[in-house]
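Geometric and topological summary
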Amino acid sequence: MGNLSYRMIYIAGAPAGLLGVDELFNDLFVTGATPRDENLGEMLIKGVKKHNFVPKPALKDYQDVLVREYLKYYQARTGGDAQVTRDYGQWEGHPREHIPWFPTVSEELCNGCGKCIEVCPKDVFQTLENGKVMVVEPFLCIVGCCFCKSACDPKAILMPQREMLDQYRHGQKRAT
Ligand code: SF4
Ligand code: SF4
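1. What to know about unusual backbone geometry
- Phi is positive for Glu92, close to 50 degrees, though the residue is something other than glycine.
- Tracing the chain through its elements places Glu92 in the loop between strand 3 (90-91) and strand 4 (94-95).

2. What about the domain arrangement of the protein chain?
- What the domain assignment lists for the protein chain is domain 1 (6-78) and domain 2 (90-171).
- Centre-to-centre, using C-alpha coordinates, domain 1 lies 21 Å away from domain 2.
- Taken together, the contact pairs 10 residues of domain 1 with 13 residues of domain 2.
- When the two sides are added together, the surface that domain 1 and domain 2 hide from each other amounts to roughly 900 Å², 61% of it contributed by carbon and sulfur.
- The interface formed by domain 1 and domain 2 holds zero salt bridges in total.
- At the boundary of domain 1 and domain 2, one finds one residue pair in polar contact (both at pLDDT 80 or more).
- Elements that contribute at least two residues to the side of domain 1 that touches domain 2 include exactly strand 1 (6-11) and helix 3 (59-78).
- Tallying contributions element by element places helix 3 first for the side of domain 1 that touches domain 2, with five residues.
- In the side of domain 1 that touches domain 2, the residues fall into five nonpolar, one polar and four charged.

3. Digging into the environment of Ile99
- Following the sequence through the fold, Ile99 ends up in the loop between strand 4 and strand 5 (104-105).
- Once the C-alpha coordinates of Ile99 and Pro15 are considered, the two residues, 84 residues apart in sequence, prove to be 8.5 Å apart.
- With residues near it in sequence (within four places) discarded, Ile99 still touches Trp91, His94, Phe139, Val143, Leu165 and Tyr168.

4. Points about the nonpolar core
- Formed by 25 residues in total, the largest nonpolar core has its most connected members in Ile99, Trp101, Val124, Phe125, Ile157 and Leu165.
- Among the secondary structure elements, those contributing two or more residues to this core are strand 1 and strand 7 (133-135).
- Contact partners of Val124, with chain neighbours within four places excluded, come to Pro103, Met134, Val135, Val136, Glu137, Leu140 and Cys141.
- By size, the runner-up hydrophobic cluster in this structure holds 21 residues, among which are Val21, Leu24, Val48 and Tyr73.

5. Things to note about the site of ligand 1
- Around ligand 1, the surrounding shell consists of Val105, Cys110, Asn111, Gly112, Cys113, Gly114, Lys115, Cys116, Val133, Cys152, Pro154 and Ile157.
- Tallied by class, residues from the shell around ligand 1 come to eight nonpolar, three polar and one charged.

6. Topic: the packing of aromatic side chains
- Tallying each qualifying case throughout the model produces eight aromatic pairs.
- Between Phe25 and Tyr70, the aromatic rings sit 5.4 Å apart at their centres with planes inclined by 70 degrees, giving edge-to-face as the arrangement. Here Phe25, found in helix 1 (residues 21-30), pairs with Tyr70, found in helix 3; they are 45 residues apart in sequence, far enough to count as distant.
- Given a relative accessible area of 0%, Phe25 falls into the buried group.

7. Topic: the site of ligand 2
- Every residue near ligand 2 is listed here: Pro103, Cys120, Val124, Phe125, Cys141, Ile142, Cys145, Cys146, Phe147, Cys148 and Met159.
- Its residues assigned to classes, the shell around ligand 2 shows 11 nonpolar, no polar and no charged.

8. Remarks on helix 3
- With 20 residues, helix 3 extends 28 Å from end C-alpha to end C-alpha; this agrees with the ideal 28 Å at 1.5 Å per step.
- For helix 3, the complete set of buried residues consists of Tyr62, Val65, Leu66, Glu69, Tyr70, Lys72, Tyr73, Ala76 and Arg77. End-on, the buried residues of helix 3 take up no more than an arc of 160 degrees, which puts them together on one face. Counted as exposed and oriented over 90 degrees from the buried face of helix 3: Lys60 and Thr78.
- The elements touched by buried residues of helix 3 are strand 1, strand 2 (14-19), helix 1 and helix 2 (40-49).

Each value, and the rule that gives it
Residues numbered from 1 in each chain as written. Chains lettered and ligands numbered in written order. Predicted model: local features only at pLDDT ≥ 70, side-chain atom pairs only at ≥ 80, totals over all residues. Heavy atoms only, no water. Helix = DSSP H or I, 4+ residues; strand = E, 2+ residues; numbered from the N terminus. Domains from an automatic or database assignment. Contact = heavy atoms within 4.5 Å. Buried area = accessible area lost by both parts, 1.4 Å probe. Salt bridge = Lys/Arg side-chain N within 4 Å of Asp/Glu carboxyl O. Polar contact = N/O pair within 3.5 Å; in protein donor to acceptor, adjacent residues only side chain to side chain. Nonpolar A, V, L, I, M, F, W, Y, C, P; charged D, E, K, R; others polar. Core = buried A, V, L, I, M, F, W, Y, C linked by side-chain atoms within 4.5 Å. Buried < 20%, exposed > 50% of the residue type's maximum accessible area, 1.4 Å probe, protein only. Near = heavy atom within 4 Å. Phe/Tyr/Trp six-rings, centres within 6.5 Å; stacked < 30°, edge-to-face > 60°. Expected span 1.5 Å × (residues − 1). Arc of directions from axis to C-beta.

Below you can see the structure in the form of structure tokens.
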């Protein structure tokens, strides 16, 4: 099946490795699909299913995340970037995308105060049209940092347990 791209994407609280997403995004982009297309979610799921298993109960979560990822891709391409593959670097010898350390924002609890964006030294968050905040670049998050969680008064931000990182330190877990 050639050399398909591989992306680790954070879906419903867990990282999921997906094949062929970059190719799918490119295909959709060149055929003129925009983030405003009503059937974008369906097209993305259909494309992803060609190379990946998508569990039925998680379909909506996959769709939401893929639409969000395509929005980023689309913005990068329309902003003039031909290539949007990003190097997130490494952490303790592991590709950063293999370390599931990043915030999760509860849309219900977020009041749109923007404090998380103020304290975050990276471009992890983006403000949505409804004023709430979402995580758009989880792997830019600094491993071990918790600034945004501490700054969020309504406790809308969750971070993983710090102990989880122990398994990735000092080569205790091999990159897969
Ligand atoms: S700090 Fe919390 S409530 Fe404020 S915008 Fe960020 S996630 Fe939402
Ligand atoms: S944990 Fe730190 S680096 Fe990560 S998103 Fe929050 S403030 Fe930004």
